[in-house]
Structures are given as C-alpha cells and as structure tokens.
Amino acid sequence: MKKLAILGAMTVAGLSAGVASAATLDDVKARGTLNCGVTTGLVGFAAPDANGEWQGFDVGVCRAVAAAVLGDPTAVEFVPTTGKTRFTALASGEIDVLARNTTWTFSRDVDLKFEFVGINYYDGQGFMVPKELGVSSAKELDGATVCIQTGTTTELNLADYFRKNNMSYEPVPIETNAEAQPLYLEGACDVYTTDASGLAATRAAFENPGEHIVLPEIISKEPLGPLVRHGDNDWGDIVRWTLNALIAAEELGVTSANAAEMSASAGGNPEINRLLGTEGTLGEMLGLEADWAKNAIMAGGNYGELFEKNIGENTPIGLARGLNAQWTEGGLLYSPPFR
C-alpha cells in the first residue's frame, strides 16, 4: 500500500508539473467556461438542486471566479470529484480550480505541487452517531465500526486519534458522502466521521435528523479552501484575489444588492473604489477588466451572503459563523488590503 501511495503521489506531481506551465487564464478565456472541480454532492456546499443546477457555498466560489474572469457567473462546467480523483483531475488540467472541501496540508501544497489560494472555511473533524447508541463522547468509541472516506485527511486523523487514545476501530471504507449515508443509516457502521461542516450537511439531509448527534470532540484543524496547480502564478493570483474580494466586500459592506450602485457613485471610501474598479488599476494587474471584483460579488454575494444563504443558521445545515466570522467579529476571516 505504501508503494502504491508513493507512486500515486509521483503521478499527480508529474502531471501537475507538465500542465503547470500552461496559461490557465488564456485557456479559460478561449474555452469560454471555467472548469471547476467540486464534490460529488454535499448539500449546502456543492450539490445539484431539483432542476439539476449546482448550488452551494463552494459552488458560489466557482461562480465568482467565472464572473471575475468571463463576466458570466453561469459560465462554469462543474466537474464532480471524489477524495481519490480530485487531485488527478486538477493536476491533469481536467479542471482549472478545485473548490471542494479540501484541507490545506503540507504534502498537498509541497509534494503534490498544488497551491492553496486561501481558506474559505475553517473546519475540524468530528463524529456523528445515532442517539440510540447512547454515546456522548468520542472517547467511548473503542471497537466501533467507522464509515470513512478514503484518500482524505479524515482517514489519517482517525487513525491518529484512536492510536493516541489507545482505542481500536474497524474502518468501513467509502468514496463519497452519498455512499456513506445509506451505510450509516442501515447500521453498517456505528459512526460516521468527516469535517464537522460535512456532518451537519449530512445530518440535515436525513429524514429524521434529530435521531443523530454530532459528538462534542473536534479532533483536527481542517482549513478548507480552493486550490490550483503550481507554476501558473497569474492564475493563482486571480483565484486568490477573487476569494479575497468576497471576504473584503463583507467587511466593507459591499453586497450583491448594492455593488452596482456603489460602483456608479464612487463614494468616499478609497478601498471600496479600488475593489469595485472605479479607482486604480487592480484589474489590469490581474489581466482582467476593471470591474472583475464587482462582477464576482454580484455573482452570488459577498462571503457573508454566500455563507448565510447556503450553510448559515437559518438553513437546514444550521452552521454558526464561529471561526468563519470576520476578524472584526472575533473570527479568523481576514483579507489583505486592496491597494
């Protein structure tokens, strides 16, 4: 298994090195669409609705990038990827950006030759169990069967946690969240473990969510964010600063509803003017139109709007902002200055 893992990493790194020299921005403009890698389906983050239209928090990032680059938030081809296929899809050039609940780690950044452009969700790994199991702490899970997505940091964290606490478990390997749900509900595993946000989304999709609880322990740091290939710094800058534009817009009070009006009036806040392209040459520096950030914000809203619409406390997912609040509100969310 070790040999296979090493060979897999070498393959991904080799593919990435081969594609990295290509100018992704030119490819996207010539194609007229952004190819965005997403999860195979996680309600609130990325999943097709009843009409087959992709919706969700990560989908919003994809649409913002498409709006910034192409001026059209609908010019996106969503490519579903699993924990195993996502990195090969990015390295091979099948997708231009991966926006799929993916944790920023040392080896993914350095060894697999990817570049994480920022963090759009600060998360941590948790555990969900049926209430009838009578468990109130992860420390009581010795000997449990655990549904676990392969090819993920979750798989490695689980092994570390049980080893540290001198407990044993029996893994039930799965590839997708959709595969995990019926197995867990049918009792094929006692526990489902993944990022806490993923557990909230999964639980919300159950017919009787109240019959399941998420245990209090958070056993890891899972900084999730979009990533691109190493070697194309211009494209990395575009995706990075599009994400920053959504974060900065919330802090500055720029929303999908008022961005056009604020742009037209060019008020007294110089940073808002630079963000919306009415002052300075930030768009030109990226190789984009002056209104690139305005288009990104209007595509689906600023960071706060995307959060509240898709995964916030008034949605079935019901996530509080927590660490994902703006730095001015006690959270970790912070954009470098637009200047």
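These numbers were taken from a predicted model, which means no experiment stands behind them. (Residues numbered from 1 in each chain as written. Predicted model: local features only at pLDDT ≥ 70, side-chain atom pairs only at ≥ 80, totals over all residues. Heavy atoms only, no water.)

Colleague: What is the right way to look at the overall build of the protein chain in this model?
Modeller: Regarding its fold elements, the protein chain presents 14 helices and 14 strands. The globule rule puts the C-alpha radius of gyration for 339 residues at 20 Å, and the 20 Å found for the protein chain is close to it. Viewed in the frame of its principal axes, the protein chain has a C-alpha envelope of about 60 × 45 × 40 Å. Counting over 339 residues, the protein chain shows a buried share of 53%. Sequence separation of 24 or more characterises 71% of the internal contacts of the protein chain that already satisfy a separation of 6 or more. Surface exposure of the protein chain reaches about 14900 Å², of which carbon and sulfur atoms provide 52%. Side-chain charges in the protein chain split into 23 positive and 43 negative, and the spacing between the mean points of these groups amounts to 6 Å. (Helix = DSSP H or I, 4+ residues; strand = E, 2+ residues; numbered from the N terminus. Rg over C-alpha atoms; globule rule 2.2 N^0.38 Å. Buried < 20%, exposed > 50% of the residue type's maximum accessible area, 1.4 Å probe, protein only. Contact = heavy atoms within 4.5 Å. Areas by Shrake-Rupley, 256 points an atom, 1.4 Å probe, with all protein chains shown as cover. Lys, Arg positive; Asp, Glu negative; His and termini not counted. Charge placed at Lys NZ, Arg CZ, Asp CG, Glu CD.)

Colleague: Help me understand the packing of aromatic side chains, please; the structure alone is not making it clear to me.
Modeller: To describe a pair of aromatic rings, you give the distance between the ring centres and the angle between the ring planes. Taken as a whole and judged by the stated rule, the model has 17 aromatic pairs. Ring centres 5.9 Å apart and planes at 15° place the aromatic pair tyrosine 184 and phenylalanine 206 in the stacked group. Of this pair, tyrosine 184 sits in helix α7 (residues 177-185) while phenylalanine 206 sits in the loop between α8 (196-204) and β12 (212-214), placing them 22 residues apart in sequence. By the burial criterion, tyrosine 184 is buried, and phenylalanine 206 matches it. With centroids separated by 6.3 Å and ring planes inclined at 35°, the aromatic side chains of tyrosine 303 and phenylalanine 307 adopt a geometry described as tilted. (Phe/Tyr/Trp six-rings, centres within 6.5 Å; stacked < 30°, edge-to-face > 60°.)

Colleague: So what exactly am I meant to see when it comes to the pairing of strand β9 (residues 144-149) here?
Modeller: A regular strand places its side chains so that they alternate between the two faces of the sheet. Where burial is concerned, most of β9 is hidden: six out of the six residues are buried. Alternating positions in β9 separate into two faces, Ala144, Val146 and Ile148 on one and Thr145, Cys147 and Gln149 on the other, with burial throughout. Bridge count for β9 against strand β10 (residues 169-174) is six bridges, and the pairing is parallel. Looking across to β10, one finds that alanine 144 is bridged to tyrosine 169. (Pairing = 2+ DSSP bridges.)

Colleague: I keep staring at helix α3 (residues 57-70) and nothing clicks. Help me out?
Modeller: Count 3.6 residues to each turn of an α-helix, and residues three or four apart come out pointing the same way. Look at α3: 20 Å from first C-alpha to last across 14 residues, which is about the 20 Å you get at 1.5 Å a residue. Within α3, 13 of the 14 residues are buried, leaving the element largely enclosed by the surrounding structure. Residue glycine 71 follows α3 closely and has a positive phi angle near 75°. (Expected span 1.5 Å × (residues − 1).)

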